[in-house]
Each structure stands twice: as C-alpha cells, then as structure tokens.
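# Per-entry structural report
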Amino acid sequence: MNTLFASWSDNFMYAATAVFALAFLAHAAEWAFTRERRTAQVAAAKVRANEAKVAVGVGAGDAGVAHSTVEQPADADVVDPEAKAAWDQQYRVDQFSRIGIGLTILATTLLGLGVISRGLAAGRVPWSNMYEFATTGTFVIALAYLVLMPRFKFAWLGLPLTGFALVVMGVSLVLLYTPVAGLIPALQSYWLVIHVSSAVIATGVFTIGALASVLQLVKARQERRVIAGKASAGQGYLSRLPSAEAIDRVAYRPHAF
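Rules used in this analysis
In this convention, every chain numbers its residues from 1, walking through the sequence in written order. Where local features are concerned, this predicted model is filtered to residues with pLDDT of at least 70; where side-chain atom pairs are given and counted, the filter is 80 or more; whole-chain, interface and lining totals use all residues. To get the side-chain values, all heavy atoms of the structure are used, and hydrogens and water are removed first. Any two rings among Phe, Tyr and Trp, with Trp reduced to its six-membered ring, count as a pair given centres within 6.5 Å; such a pair is stacked if its planes are under 30 degrees apart, edge-to-face if over 60, and tilted if neither. Whether a residue is buried, partly exposed or exposed follows from its accessible area with a 1.4 Å probe, protein chains only, as a fraction of its type maximum: under 20%, in between, or over 50%, in that order. The salt bridge criterion pairs a side-chain nitrogen of Lys or Arg with a carboxyl oxygen of Asp or Glu, the two atoms within 4 Å. As defined here, a cavity is a set of points on a 1 Å grid over the protein atoms alone where a 1.4 Å probe fits but cannot get out. A pocket is an open set with protein on both sides within 12 Å along at least five of seven lines, and residues line them when an atom is within 4 Å of a point. Grid points are joined across faces, edges and corners, and a volume is the space filled by probe spheres set on the points. By the criteria applied, helices consist of DSSP H or I runs no shorter than four residues and strands consist of E runs no shorter than two, each listed in order from the N terminus. Note on residue categories: nonpolar means Ala, Val, Leu, Ile, Met, Phe, Trp, Tyr, Cys or Pro, charged means Asp, Glu, Lys or Arg, and polar means any other residue, Gly included. Per residue, pLDDT measures the predictor's confidence, with a range of 0 to 100. Any two residues whose heavy atoms approach within 4.5 Å at even a single point are treated as in contact.

### Quick look at the packing of aromatic side chains
The full count for this structure, using the stated rule, is 6 aromatic pairs. Here the aromatic rings of Y145 and F154 are separated by 5.9 Å at their centres, their planes lie at 10°, and the arrangement is stacked. Between F154 and W156, the aromatic rings sit 6.0 Å apart at their centres with planes inclined by 85°, giving edge-to-face as the arrangement. Take F154: its relative accessible area is 2%, and that puts it in the buried class. The class of W156 is buried, set by a relative accessible area of 9%. Taken together, Y145, F152, F154 and W156 form an aromatic cluster joined through their ring pairs.

### A word on the pattern of salt bridges
Using the criterion set out here, one finds 3 salt bridges in the structure. In the salt-bridge network here, residues are joined through shared partners; they are R118, R124 and E132.

### Brief notes about empty space enclosed by the protein
Summed over all chains, the structure comprises 1 cavity of 30 Å³ or more. Of the volumes computed, that of the largest cavity is approximately 30 Å³. Taken together, M13, V115, R118, P126, Y131, E132, T135 and T136 make up the lining of the largest cavity. Elements that contribute at least two residues to the lining of the largest cavity include exactly α2 (81-122) and α3 (130-152). It is α3 that contributes the most residues to the lining of the largest cavity, 4 residues altogether. Residue composition of the lining of the largest cavity, by class: 4 nonpolar, 2 polar and 2 charged.

### A short note on the confidence of the model for the protein chain
Chain-level pLDDT for the protein chain is 80 on average; 76% of the residues reach the 70-or-more range. Looking across the protein chain, the model is least confident in helix α1 (residues 3-61), with a mean pLDDT of 72, and most confident in helix α4 (residues 158-176), with 95. The low-confidence segment residues 39-49, where pLDDT is below 50, has 2 contacts with residues more than four positions distant or belonging to other chains. Per-residue pLDDT stays below 50 along residues 63-73; that stretch engages in 0 contacts with residues further than four places along the chain or on separate chains.

Here's what the structure looks like:
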C-alpha cells in the first residue's frame, strides 16, 4: 500500500465533496432566482390587468366626451424598469447556472483524481468494497452528465444531480469509508474488473435516466394541472424544464443503454 497516494485520495475525496456542495448551492440559487423572476412576472401581469380594467371603466364613463390624446415621443435613453428587472433576473439565473456547471466540472475532476489515487495506493482497481464502489459510481454519474449535457441540453438536471452526488459522497465518507487494503482471496480474479466495472458504469448511467424520469413525472403532473386550470405554466424551477415528452425522450436513452 502506498500511504502517500492513499492520503492524496482522501484529500481529493473531501475536496470533491465540498465542491459538489458549492455546485448544489449554485444550482439552488438558480432555482430560487427562477422562482423569484416568475413570481415577479405574474405579479406584474396582475397589476397590468387591473390597470387595464380601470382604464376600460374610465373610458366607458367618458364615452360622451370628445377628447384626443397625443403620444409622447419615445426616448431611447428611457429603459422600461420592468424589462430591466426581468433582464437582471434572467442574467442572475444564467450566471448561477454557469457557476454550478463549472463547479460540477471541478468536483468531477477532483473525484476522478481521488479514484485514480485510490487505485494507485492499493495497486489494483479501486472498487473492491462499498466505499470504492460508491465513490467510483458517483464519478461515473457526474462524468456521464457532463459528457451528455451538450448533446441533450439537460443543464436543468444540475440541481438533483449535484444533490444526489453530495448525499452519496457524504454517506461514503462518513459511513462507508474503508482504509486502503489488498484484495481478499475471493476477489483476486480478473472478473473483478469485468463485473464491477460493468456494474459501476450501468449504475452511473442508470442514475442519470432515473433522475430525468423523476423530473418527467413532476413536469407531467404540472402540465395536467395547467390544462385543468389549476396551475400556471411558469411556476418556479419547473418553468426551466422542457416538456414532459422531451424529458421522457432524454430519459429513455440512458435506460436503453
């Protein structure tokens, strides 16, 4: 056993967990600003609707009075406060989304270094116990998310994925941690590489599909409520999700794999 690599592995694992926590907070802030923006838009729409009703009432009362109105010339230097506020809110949402993705990339890199260091410390593949299986599986989950995200455009999966990774890493470090050791006789076989690597990859990719499927169920429920007139189409974090049908197509592919 190489104690230096073992120490590096532990440090990388703790650092990755801390960065996953920051990524989760960034995506949570993205959700919060999305909700705030949608709430502000709904409130502004209600105010405009009330003003329109008042204007209609005044117009009806003055129907017999002839008058003319002259529109004021548009001033290019005057910015609509509501439009500017909406733009600022959208900028914050996009900014926190980019920060969350960047931190997820950093956390995945640190976790990958931790897994590699663990293997170098033990002189074998780093998945002979539940601690190593869980940490390697989390690495595969995060890596699959980052690799597939540009193609399938599911940055909207950032919040549940970083939350899931944070929980698994916390449980692994607190409850499942096992010091570096050699293989027991029952595991001294080439099947350890073939069997467990297949299980780790399948578990990691399946988790992506499972998280997407959960969001698909939530989005489908909201769409049914919108059709029934019981909810608004632009409510909080759900407003950033694609349609339930689109999420279902994304979820199907990792499950098929």
